[in-house]
Amino acid sequence: MGDFSDKRVVISGASRGIGESIAKLFAADGGKVVCAARTLREGEHQRAGSLETTVDAIRTAGGEATAVAANISVPEECEAMVQATHDTYGSVDILVNNAALMYPVATKDYQLNRWMRT
């Protein structure tokens, strides 16, 4: 991907899926990664994946990462996420807004209100 040595990276939705993969890529290329999502520990969500799992995998691979539990639909939690990043690594260099709600239904059956929340 590139050289992200000493870059501070915040990734929302980093507990699983695309966000988890993005976090691992930035960390592998030297980024100091703040992994943010609502699911801190395994078992707190019906789907597998958690911030602790993502951060553990990054650290095991030799990268640097910190977990911050945050619901990005709540402004105060976004502010707390940025503050936690600042307290841990300093200012934010890169922000990846990856978090989204997902409803496992066919696109043709997707209700408008769910699309708007996603």
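Up top is the structure.
Residues numbered from 1 in each chain as written. Predicted model: local features only at pLDDT ≥ 70, side-chain atom pairs only at ≥ 80, totals over all residues. Heavy atoms only, no water.

Draft legend 1. Structural view of helix α1 (residues 17-28). The terminal C-alpha atoms of α1 lie 17 Å apart, and with 12 residues this matches the ideal 16 Å at 1.5 Å per residue to within 8%. By the burial criterion, the buried members of α1 are Gly19, Glu20, Ala23, Phe26 and Ala27. In an axial view of α1, the angular spread of the buried residues amounts to 130°, which keeps them on one side of the axis. Opposite its buried face, α1 presents the exposed residues Ile18 and Ala28, each directed more than 90 degrees away. (Helix = DSSP H or I, 4+ residues; strand = E, 2+ residues; numbered from the N terminus. Expected span 1.5 Å × (residues − 1). Buried < 20%, exposed > 50% of the residue type's maximum accessible area, 1.4 Å probe, protein only. Arc of directions from axis to C-beta.)

Draft legend 2. Quick peek at the sheet that holds strand β2 (residues 32-37). Across the sheet, four strands lie side by side as β3-β2-β1-β4; this open sheet has parallel pairing. Edge positions in the sheet fall to β3 (64-69) and β4 (94-96), since each of these pairs with one other strand and no more. Here the strands of the sheet are splayed against their neighbours by 20° on average, with no regard to which way each runs. As defined by bridge partners, strand β1 (residues 8-12) adjoins β2 across five bridges and the pair is classed as parallel. (Pairing = 2+ DSSP bridges. Axes fitted to C-alpha atoms, helices over the stretch in contact; angles between N-to-C directions.)

Interpretation in functional terms is not warranted from these geometric data alone.
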